[in-house]
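Summary of structural features
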Amino acid sequence: MQDNATEVTAAGIARLAGVGRAAVSNWRRRHADFPKPVGGSETSPSFALAEVEDWLRRQGKLAEVPLRERVWQQLAGHPEGPVTGLVHAGCVLLLIHARPTVWLEISKGRDERLAALLPEALEQVLPAGPAERPALRPPTAPRLLPSVPLLRGVADLAAELGARRAFEFLVGRHLDANPRQYTLTPAELARLMADLAGPARTVLDPACGTGALLRAVDPRPDQELYAQDSAPDLAALTALRLAIGTRATVHAAVGDTLRADAHPGLRADAVLCHPPFNERNWGHDELAYDARWEYGFPARTESELAWVQHALARLRAGGTAVLLMPPASASRRSGRRIRADLLRRGALRAVVALPTGAAPPYNLPLHLWVLRRPEQVPAQPRVLLVDAGRFTGEGRGGPDWDAVREAVLDAWRTTDRTGDLEERPGLARTVPVIDLLDDDVDLAPARHLPPPAVADGAAALAAVRERLGETLRLTADLTPPPADTGRPAHWPLTTVGELARGGALTMSTGGSGGHARVPVLTDHDVLAGTAPSGTLPESDGEAVLTRPGDVVVPVLGGGAVARVVDGSTAGAALGRNLVLLRPEPAELDPWFLAGFLRGTANHRQASSYASTATRLDVRRLQLPRLPLEEQRRYGARFRALDEFERALRRAGRLGDQLLRGMYDGLTDGSVAPD
């Protein structure tokens, strides 16, 4: 079986060669021997990967395809689609992880032999599931045969990275390449939900998606993880990620959980769930007499309350469930009777309003509901209400997760231990259930929390005003002096690509992997001049870490931006859609490099345009050939301009903060109009 069967698009060729898509279009026009399309469409053709690799090598445009990139292109061009390739790759990586000697034995010889022997070997290692609807079944030999070149490449990647890291790299790359196909639970949110649930030996996720919640659970001896999803692909990926990445016993199933529960007899220690929101077709008509609705039959528009009751039904007495909920579930009139019964019987223990941007949809402040299967009805039940909205991050950077975790977990653990919590104005309080049982049974935390103490608000406003004054004075001092007029210079020019080939700098692209504890510098951070604020897809791929003196350039959006990494940014992982340039100090001044890369005309000549986006080919950016001393003279001026730009941005943010505080203070009475 030849891997000519694997096809690659023009975008994939550009990624292989480290160039922009416009360069690939030019090669096709200028070189008669460029490989001919073997598939795709006239506007989006695809090419045989092996032919492309051979042509790139003969042209001197590619010394050797990186193993990760080769395997990814094989997976992305799989004849049955990338998800099938990903599942087959995961099965083999699980076999390599669990029984490496078996893989070494069956992988000898011809491709047909490997495809014939693999199903029986996989039968011994794939995780168990319900007999009728298991998430994973060993693929047959005919289905495996087209995947064999990919599987051999995956085995080589496992030898380089380890089976777990190899699979997480491929899964993360696939999720990153298809952001609209999946509703992901961010890793930080998954960790918070798992911590709220507490230690557990048996854990269920009835809408598991890509497995983020179960992967966030702290491991315990003899742990059992149960998963189910209506999408067969997601259930299979979750089963493989858990089997490769944990030592737990995995039970994964396919099927619509509300209509066809695969674990009806389970009584778990914990249930974690990010259910689908606003589902009308959840089974309202056929499930009217289901035994799970002990707190009331959910309305057709209240699918989330059906998931809440399913979670409670699958808990042991005293077990804890944590669900991510849309904010409307806390106040819609159609759900008030169920909310009231959950409160009266002590099942609903806490409602946490998350900051905007915590999870998709990012424009809504989603809620966490913490529930417990009552062992007995408490005499005077209380519910914890927490509003973590104050920890919303700037722009698209996401919330301040460290602050969210500290505030939410401290409030929950104190309440869970003592049954009460000393009021924390604007943040958290426990409310007697009787106070919430009115006509609306509205559980939105912000409606029941007192505002922050006036003194704190006034002091904070005074501090903001003082910082704004200092920043405005600094901005005036940093304003550049009048520029001398002169004729345009005619320097000898070079390009970033030429400098990279000559060893004056090295280039790296971001987004290949990361660690939960390492902050990620995103393209938005670079554009906004803010601190690293992002996360990478859930992948154990090797991250590119920044160093002082690196120059980071966004490749999407069309703005003329380049940022020099300083002490506050150093050590962050490089995010997606960023290129890192690391100059040799003896040859290039970083501020000189970054300054000339920001020229508007420079960006315009190095950009390519699609119908909805502009992409920058960083290798084509130009800068003059100047002696190092002259570079440093320009670099000093560019650095002064950068300080001025930062001061302007800081003044703008402080001004916005002061305005918001003044409006809030005037409207809540904490600031007098005079």
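Residues numbered from 1 in each chain as written. Predicted model: local features only at pLDDT ≥ 70, side-chain atom pairs only at ≥ 80, totals over all residues. Heavy atoms only, no water.

Where an unreviewed UniProt entry is consulted, the protein appears under the name Restriction endonuclease subunit M, with the organism given as Streptomyces longwoodensis.

**Here's the deal with the domain arrangement of the protein**
Splitting the protein by domain gives domain 1 (7-63), domain 2 (66-181 + 208-256), domain 3 (265-393 + 405-447) and domain 4 (493-625). Computed over C-alpha atoms only, the centres of domain 1 and domain 3 are separated by 53 Å. (Domains from an automatic or database assignment.)

**Concerning the packing of aromatic side chains**
Per the stated rule, a full pass over the model turns up 11 aromatic pairs. Ring geometry for Trp-491 versus Phe-596: centroids 5.5 Å apart, planes at 85°, classification edge-to-face. Of the two residues, Trp-491 sits in the loop between α17 (454-478) and β13 (493-495) while Phe-596 sits in helix α20 (residues 590-597), which places them 105 residues apart along the sequence. Classification of Phe-596 as buried rests on a relative accessible area of 16%. Plain terms: the ring middles of Trp-491 and Tyr-634 are 5.9 Å apart, the flat faces sit at 85° to each other, and that makes the pair edge-to-face. With Trp-491 in the loop between α17 and β13 and Tyr-634 in helix α22 (residues 628-668), this pair connects stretches of sequence that are 143 residues apart. With a relative accessible area of 32%, Trp-491 lands in the partly exposed category. (Phe/Tyr/Trp six-rings, centres within 6.5 Å; stacked < 30°, edge-to-face > 60°. Helix = DSSP H or I, 4+ residues; strand = E, 2+ residues; numbered from the N terminus. Buried < 20%, exposed > 50% of the residue type's maximum accessible area, 1.4 Å probe, protein only.)

**A short note on the side chain of His-251**
By the element assignment, His-251 lies in strand β6 (residues 249-254). With residues up to four places along the chain from it excluded, the contact list for His-251 reads Ala-128, Glu-224, Leu-225, Tyr-226, Ala-227 and His-263. (Contact = heavy atoms within 4.5 Å.)

**Some thoughts on a positive patch on the surface**
On the surface, a cluster of positive charge is made up of Arg-29, Arg-30, Lys-61 and Arg-501. Take Arg-30: it is sitting in helix α2 (residues 21-30). The exposed category is assigned to Arg-30, whose relative accessible area is 64%. (Patch = residues over 30% accessible without salt bridge, like charges linked within 9 Å, V, L, I, M, F, W, Y side chains within 5 Å. Areas by Shrake-Rupley, 256 points an atom, 1.4 Å probe, with all protein chains shown as cover. Salt bridge = Lys/Arg side-chain N within 4 Å of Asp/Glu carboxyl O. Lys, Arg positive; Asp, Glu negative; His and termini not counted. Charge placed at Lys NZ, Arg CZ, Asp CG, Glu CD.)

**Digging into the sheet that holds strand β3 (residues 45-48)**
Taken together, the three strands give an open sheet; going across it, the order is β1-β3-β2, and neighbouring strands pair in antiparallel fashion. The open sheet terminates on both sides in strands that have one partner only, identified here as β1 (7-9) and β2 (39-40). Examined bridge by bridge, β2 and β3 share two bridges and lie antiparallel to one another. Among the inter-strand pairings, Gly-40 is bridged to a residue of β3, identified as Pro-45. The sheet strands contacting helix α1 (residues 10-17) are β1 and β3, and the helix crosses β1 at an angle near 85°. (Pairing = 2+ DSSP bridges. Axes fitted to C-alpha atoms, helices over the stretch in contact; angles between N-to-C directions.)

**Re the pairing of strand β5 (residues 224-229)**
With six of its six residues buried, β5 lies for the most part within the structure. The alternating pattern of β5 places Glu-224, Tyr-226 and Gln-228 on one face and Leu-225, Ala-227 and Asp-229 on the opposite face, and all of these are buried. In terms of strand pairing, strand β4 (residues 202-205) meets β5 through four bridges, oriented parallel. Paired with Leu-204 across the bridge in β5 is Tyr-226. Note: β5 against β6, six bridges, orientation parallel. Within β6, the residue paired with Asp-229 across the bridge is Val-254. Considered for its hand, the β-α-β crossover made up of β5, helix α13 (residues 232-245) and β6 is right-handed. (Right-handed = clockwise from strand over helix to strand, strands pointing away.)

**Focus on the pattern of salt bridges**
In total, this model carries 39 salt bridges according to the counting rule given. Its salt-bridge partner being Glu-302, residue Arg-332 comes within 3.0 Å of it at the nearest N-O pair. Remark: Glu-302 occurs in the loop between β7 (268-273) and α14 (303-313) and Arg-332 occurs in the loop between β8 (315-325) and α15 (336-344); sequence separation between them is 30 residues. Judged by relative accessible area, which is 0%, Glu-302 ranks as buried. When the shortest N-O distance is used, the salt bridge between Asp-566 and Arg-646 registers 3.7 Å. In this pair, Asp-566 sits in the loop between β17 (563-564) and β18 (573-574) while Arg-646 sits in helix α22, placing the two residues 80 residues apart along the sequence. Residue Asp-566 is classed as partly exposed on the basis of its relative accessible area, which comes to 27%.

**A closer look at the UniProt feature "domain: DNA methylase adenine-specific" (unreviewed entry) in the protein**
Mapped onto this numbering, the UniProt entry gives "domain: DNA methylase adenine-specific" (unreviewed entry) at residues 183-393. This span, residues 183-393, is 23% helix and 24% strand, and a straight line between its end C-alpha atoms measures 21 Å. (UniProt positions renumbered as here; feature names shortened; annotations may be inferred.)

**Regarding unusual backbone geometry**
Here the amide bond leading from Pro-360 into Pro-361 is cis, since omega sits at -5°, within 30 degrees of zero. On the secondary structure map, Pro-361 appears in the loop between β9 (348-353) and β10 (367-372). At Asp-222, a residue that is not glycine, the phi angle is positive and equals roughly 60°. Checked against the element boundaries, Asp-222 lands in the loop between α12 (212-215) and β5. Even without glycine at this site, Val-441 takes up a positive phi of about 45°.

**Points about helix α11 (residues 187-197)**
Of all 11 residues in α11, nine are buried; the element is thus mostly enclosed. For α11, the full list of buried residues reads Glu-188, Leu-189, Ala-190, Leu-192, Met-193, Ala-194, Asp-195, Leu-196 and Ala-197. Packed against the buried residues of α11 are α12, β7, β8, β10 and α16 (401-418).

**What about the sheet that holds β9?**
A sheet is described by the order of its strands in space; here nine strands give the open sequence β6-β5-β4-β7-β8-β10-β9-β11-β12, paired in mixed fashion. Either end of the sheet is taken by a strand with one partner, and the two such strands are β6 and β12 (428-432). On average, each strand axis in the sheet is tilted by 15° relative to the strand beside it, whichever way the strands run. Where strand β11 (residues 382-387) meets β12, five bridges bridge the pair, whose relative direction is antiparallel.

**Quick word on the packing of α20 against α22**
The angle between the axes and the distance between the axes are what describe a pair of packed helices. Two numbers describe how α20 lies on α22: the axes approach to 7 Å, and their chain directions differ by 65°. The angle between α20 and α22 places the two elements in the roughly perpendicular class. Like other packed secondary-structure pairs, α20 and α22 cross with a definite hand, here left-handed. Residue-level contacts link Trp-591, Phe-592, Gly-595 and Phe-596 of α20 to Gln-631, Tyr-634, Gly-635, Phe-638, Arg-639 and Asp-642 of α22. Of the residues belonging to the contact of α20 with α22, the class tally is five nonpolar, three polar and two charged. (Parallel < 35°, antiparallel > 145°, perpendicular 65-115°, else oblique. Left-handed = near helix turned anticlockwise from the far one by under 90°. Nonpolar A, V, L, I, M, F, W, Y, C, P; charged D, E, K, R; others polar.)

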